[in-house]
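Structural description and commentary
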Amino acid sequence: MKYNKLVRDRIPDIIEESGKKVTFRILSDEEYKIALEKKLDEEVAEFHESKSLEEIADIVEVLCALVDALGYECHDVYKRRQIKSAERGNFSNKIYLEEVEDV
């Protein structure tokens with residue numbers, strides 16, 4: 001069966017331990033970034049289906065890998081989140097903006 005997708009680091013070993021043959025390759029940095037973006041879309045779609053904490057954790061894992069691949073650090077994302085939250089608020093009040101009119 002062909003997959004042609006990014007998988008977690010231990011997946012090839014886990015598959016081989018089950019007695020199956022695995023073919024894989026290591027992506028270039030640019031291919032890796034593209035694959036991470038596709039993986040993020042995949043994980044978000046899976047979350048939409050299940051609404052599970054496991055899928056949220058997968059999304060966070062992919063986001064942290066993407067952040068690293070782009071040359072940032074995951075903890076910097078959380079710092080940036082705090083700054084934006086302090087400046088512009090967060091989403092806890094459930095505000096849904098419907099319209100803005102010039103007066």
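Here we look at the overall build of the protein chain
Across its full length, the protein chain carries four helices and zero strands. Tracing the protein chain from N to C terminus, the helices and strands come up as α-α-α-α. In terms of C-alpha radius of gyration, the protein chain reaches 19 Å, well past the compact-globule figure of 13 Å for 103 residues. Overall, the protein chain is about 70 × 30 × 25 Å in size when its C-alpha atoms are taken along their principal axes. A buried classification covers 16% of the 103 residues belonging to the protein chain. Contacts in the protein chain between residues at least 24 apart in sequence constitute 41% of all its contacts with a sequence separation of at least 6.

What about the packing of aromatic side chains?
Taken as a whole and assessed by the stated rule, the structure comprises zero aromatic pairs. For the cation-ring pair, Lys51 lies above Phe47, with the distance from its terminal atom to the ring centre recorded as 5.5 Å.

Notes on the nonpolar core
In this structure, Leu36, Leu40, Ile59, Val62, Ala65 and Leu66 together form the largest nonpolar core, which totals six residues. For this core, the secondary-structure elements that each account for two or more residues are helix H2 (29-50) and helix H3 (53-69). Counting residues per element, this core draws most heavily on H3, at four residues.

Overview of the side chain of Asp58
Along the polypeptide, Asp58 turns up in helix H3. Leave out the neighbours within four places in its chain, and Asp58 touches Arg8 and Glu43.

Topic: the state of the cysteines
By definition, a disulfide is the covalent link that joins the sulfur atoms of two cysteine residues. According to the stated counting rule, one finds one disulfide in the structure shown. Each sulfur of the disulfide joining Cys64 and Cys74 lies 2.1 Å from the other. Its torsion about the S-S bond being -55°, the disulfide of Cys64 and Cys74 is classed as left-handed. A residue pair is termed long-range when its members are at least 10 positions apart, and Cys64 in helix H3 and Cys74 in helix H4 (residues 74-88) qualify at 10 residues. There is no split in this pair, since Cys64 and Cys74 are both buried.

Here's the deal with a nonpolar patch on the surface
A cluster of nonpolar side chains, namely Leu53, Ile56, Val60, Val77 and Tyr78, defines an oily patch on the protein surface of about 450 Å² accessible area. Elements represented by at least two residues in the nonpolar patch include exactly H3 and H4. Relative to the helices and strands, Tyr78 resides in helix H4.

Observations concerning the packing of H3 against H4
The axes of two packed helices give the description: the angle between them and the distance between them. For the pair H3 and H4, the least separation of the axes is 8 Å and the interaxial angle reads 105°. Considering their axes alone, H3 and H4 lie roughly perpendicular with respect to each other. In this structure, H3 uses Val60, Cys64, Val67 and Asp68 to contact H4, whose residues at the interface are Cys74, Val77 and Tyr78. By residue class, the composition of the contact of H3 with H4 is six nonpolar, no polar and one charged.

So, how was this worked out
- Residue positions within a chain follow its written sequence, with the count starting from 1.
- Reporting of local features is limited, given that this is a predicted model, to residues whose pLDDT is at least 70; pairs of side-chain atoms are given and counted only at 80 or more, and all residues count toward the totals for whole chains, interfaces and linings.
- To obtain the side-chain values, all non-hydrogen atoms of the structure were included, while hydrogens and water were left out.
- Secondary structure elements follow DSSP: runs of H or I of four or more residues count as helices, runs of E of two or more count as strands, with numbering from the N terminus.
- Atoms counted for the radius of gyration: C-alpha only. Globule rule: 2.2 Å times residue count to the power 0.38.
- Each residue is placed in one exposure class: buried if its accessible area under a 1.4 Å probe, protein chains only, is under 20% of its type's maximum, exposed if it is over 50%, and partly exposed if it falls in between.
- Here a residue-residue contact requires only that any non-hydrogen atoms of the pair lie within 4.5 Å.
- What counts as a ring pair is set by centres within 6.5 Å for rings of Phe, Tyr and Trp (its six-membered ring), and what kind of pair is set by the plane angle: stacked under 30 degrees, edge-to-face over 60, tilted for all other angles.
- Counted as over-ring charges are cases with an Arg CZ or a Lys NZ within 6 Å of the ring centre that also lie within 35 degrees of the ring normal.
- To define a nonpolar core, start from buried Ala, Val, Leu, Ile, Met, Phe, Trp, Tyr and Cys residues and group those joined through side-chain atoms within 4.5 Å.
- Disulfides are defined in this document as cysteine sulfur pairs within 2.5 Å.
- In this scheme, patches are assembled from residues that exceed 30% relative accessible area and form no salt bridge. Like charges are connected within 9 Å, while nonpolar side chains (Val, Leu, Ile, Met, Phe, Trp, Tyr) are connected within 5 Å.
- Here the open area of atoms and residues is found with the Shrake-Rupley method and a 1.4 Å probe, where only the protein chains shown may cover a residue.
- We define a salt bridge as a side-chain nitrogen of Lys or Arg found within 4 Å of a carboxyl oxygen belonging to Asp or Glu.
- A fitted line through C-alpha atoms represents every axis, and for helices the fit uses only the stretch in contact; the resulting angles, taken between N-to-C directions, go from 0 to 180 degrees.
- An angle below 35 degrees is read as roughly parallel, one above 145 as roughly antiparallel, one from 65 to 115 as roughly perpendicular, and any other as oblique.
- Amino acids are sorted into nonpolar (Ala, Val, Leu, Ile, Met, Phe, Trp, Tyr, Cys and Pro), charged (Asp, Glu, Lys and Arg) and polar (every other residue, Gly among them).

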